[in-house]
Amino acid sequence: MIVVTGASGHLGRLVVEELKKRIPAGQIVAAARTPEKAADLGVEVREASYDRPETLKSAFEGASKVLLISGTEGNRLQQHSAVVDAAKAAGATLTYTSAPKADTTEAGLAADHKATEDYIKASGVTYTILRNNWYHENYEQSIAGAPQLGAVYGAAGDGRIAAASRADYAAATAAVLAGEGHDGKIYELGGDTAWTLADLAAEISKVTGKEVAYQNLPKDDFAGVLAGAGLPAPFAALMADVDVNISRGWLADTPGTLSELIGRPTQPIGEYVRSLLG
């Protein structure tokens, strides 16, 4: 039995749907903090809150594999550690969605991921780590607003981004969970082609016929733009730090592992732009 945590979230839902293409639905459990939000997935649903370890114990009962989708709020290391402990207690293997180069990058966003990876390795649980590069969907609001603003804003300079769609990462995750031979592996996953934010602006121009340019800003100025758009100031600063690390090459690698796992090319950024604006 494969248990997918965070199953009501954007990635979790896609992973469950991809798993249903590969194994019988009766072998899949969707674990969610609010089970009602996963009731439409067509598989067994169990309550599982990262903040309530007792729910994890019952959610993982009978599991052979557990997918830990990283949390987005609260004390993430404490939450992730509880999932690791519960998976180990259940005798299950663990797959974790981590961040690119989590063990070496200076990006603040990856700090919790590095700490979680360290905890997983020290726990003795059998693991697979999926270090997902950036998602196309991270730029959804920027892409949607760019035709009116006439610009894509960032602090990434000419740094390249090997992003892929959330669906691509979900397909790879399901392939790992439903397959064999992945124990102890750490996969750096990303799109087939890396692009700059200037390239993104050019794709938006191409699709809309409107002049859109990339406006590179100093880190603090970009954080101010993000805060002005409604992001909490600490998170805005964290995202601006992401761009600075992009400028240093953090997200530029294209190892091809993602397309190998899913058996097809990853979605190009131009195709994603067209899906939003075309």
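As a reminder, the structure under discussion sits directly above these lines.
Let me begin by describing the structure that accompanies this report. Note that the structure is a prediction, hence the values are computed from the model and not measured.

About the criteria used
Residues numbered from 1 in each chain as written. Predicted model: local features only at pLDDT ≥ 70, side-chain atom pairs only at ≥ 80, totals over all residues. Heavy atoms only, no water. Helix = DSSP H or I, 4+ residues; strand = E, 2+ residues; numbered from the N terminus. Buried < 20%, exposed > 50% of the residue type's maximum accessible area, 1.4 Å probe, protein only. Contact = heavy atoms within 4.5 Å. Pairing = 2+ DSSP bridges. Right-handed = clockwise from strand over helix to strand, strands pointing away. Axes fitted to C-alpha atoms, helices over the stretch in contact; angles between N-to-C directions. Parallel < 35°, antiparallel > 145°, perpendicular 65-115°, else oblique. Left-handed = near helix turned anticlockwise from the far one by under 90°. Nonpolar A, V, L, I, M, F, W, Y, C, P; charged D, E, K, R; others polar. Expected span 1.5 Å × (residues − 1).

Concerning the environment of Phe-222
Argument step 1. Within the secondary structure layout, Phe-222 lies in helix α8 (residues 219-228).
Argument step 2. Residue classification places Phe-222 among the buried residues on the basis of a relative accessible area of 7%.
Argument step 3. Taking the C-alpha atoms as reference, Phe-222 lies 6.0 Å from Gly-154; in sequence the two are 68 residues apart.
Argument step 4. Excluding residues that lie within four positions of it along the chain, Phe-222 makes contacts with Tyr-153, Gly-154, Ala-155, Leu-217, Met-239, Ala-240 and Asp-243.

Focus on the pairing of strand β4 (residues 65-68)
Argument step 1. Neither face of β4 is left uncovered, since the one carrying Lys-65 and Leu-67 and the one carrying Val-66 and Leu-68 both have all their residues buried.
Argument step 2. Here strand β1 (residues 2-4) runs beside β4; their pairing, made up of three bridges, is parallel. The residue of β4 that forms the bridge with Val-4 is Leu-67.
Argument step 3. Strand direction decides the pairing type here: β4 and strand β5 (residues 93-98), joined by four bridges, are parallel. Counted as the bridge partner of Val-66 is Leu-94 from β5.
Argument step 4. Handedness of the crossover joining β4 and β5 through helix α3 (residues 76-89): right-handed.

Considering the packing of helix α7 (residues 197-208) against helix α11 (residues 269-277)
Argument step 1. At their nearest, the axes of α7 and α11 sit 9 Å apart, and the two run at 45° to each other. As judged from the angle between their axes, α7 and α11 are oblique. Crossing handedness for the pair α7 and α11: right-handed. Contact residues: Leu-200, Glu-203, Ile-204, Val-207 and Thr-208 in α7; Ile-269, Gly-270, Val-273, Arg-274 and Leu-277 in α11.
Argument step 2. Residues that form the contact of α7 with α11 fall into these classes: six nonpolar, two polar and two charged.

Notes on helix α6 (residues 166-178)
Count 3.6 residues to each turn of an α-helix, and residues three or four apart come out pointing the same way.
Argument step 1. With 13 residues, α6 ought to run about 18 Å at 1.5 Å a step, and its terminal C-alpha atoms sit 18 Å apart, in line with that.
Argument step 2. Counting buried positions over the 13 residues of α6 gives 11, a clear majority of the element.
Argument step 3. Turning to α6, its buried residues are Arg-166, Asp-168, Tyr-169, Ala-170, Ala-171, Ala-172, Thr-173, Ala-174, Ala-175, Val-176 and Leu-177.

What to know about unusual backbone geometry
Argument step 1. We note that Lys-101 has phi near 45°; this positive angle belongs to a residue other than glycine.
Argument step 2. Tracing the chain through its elements places Lys-101 in the loop between β5 and α4 (111-123).

Things to note about the environment of Gly-184
Argument step 1. Along the chain, the position of Gly-184 falls in the loop between α6 and β8 (186-189).
Argument step 2. Judged by relative accessible area, which is 44%, Gly-184 ranks as partly exposed.
Argument step 3. Separated by 58 residues in sequence, Gly-184 and Thr-126 have C-alpha atoms that sit 6.6 Å apart.
Argument step 4. Ignoring sequence-local partners within four residues, the contact set of Gly-184 consists of Tyr-127 and Thr-128.

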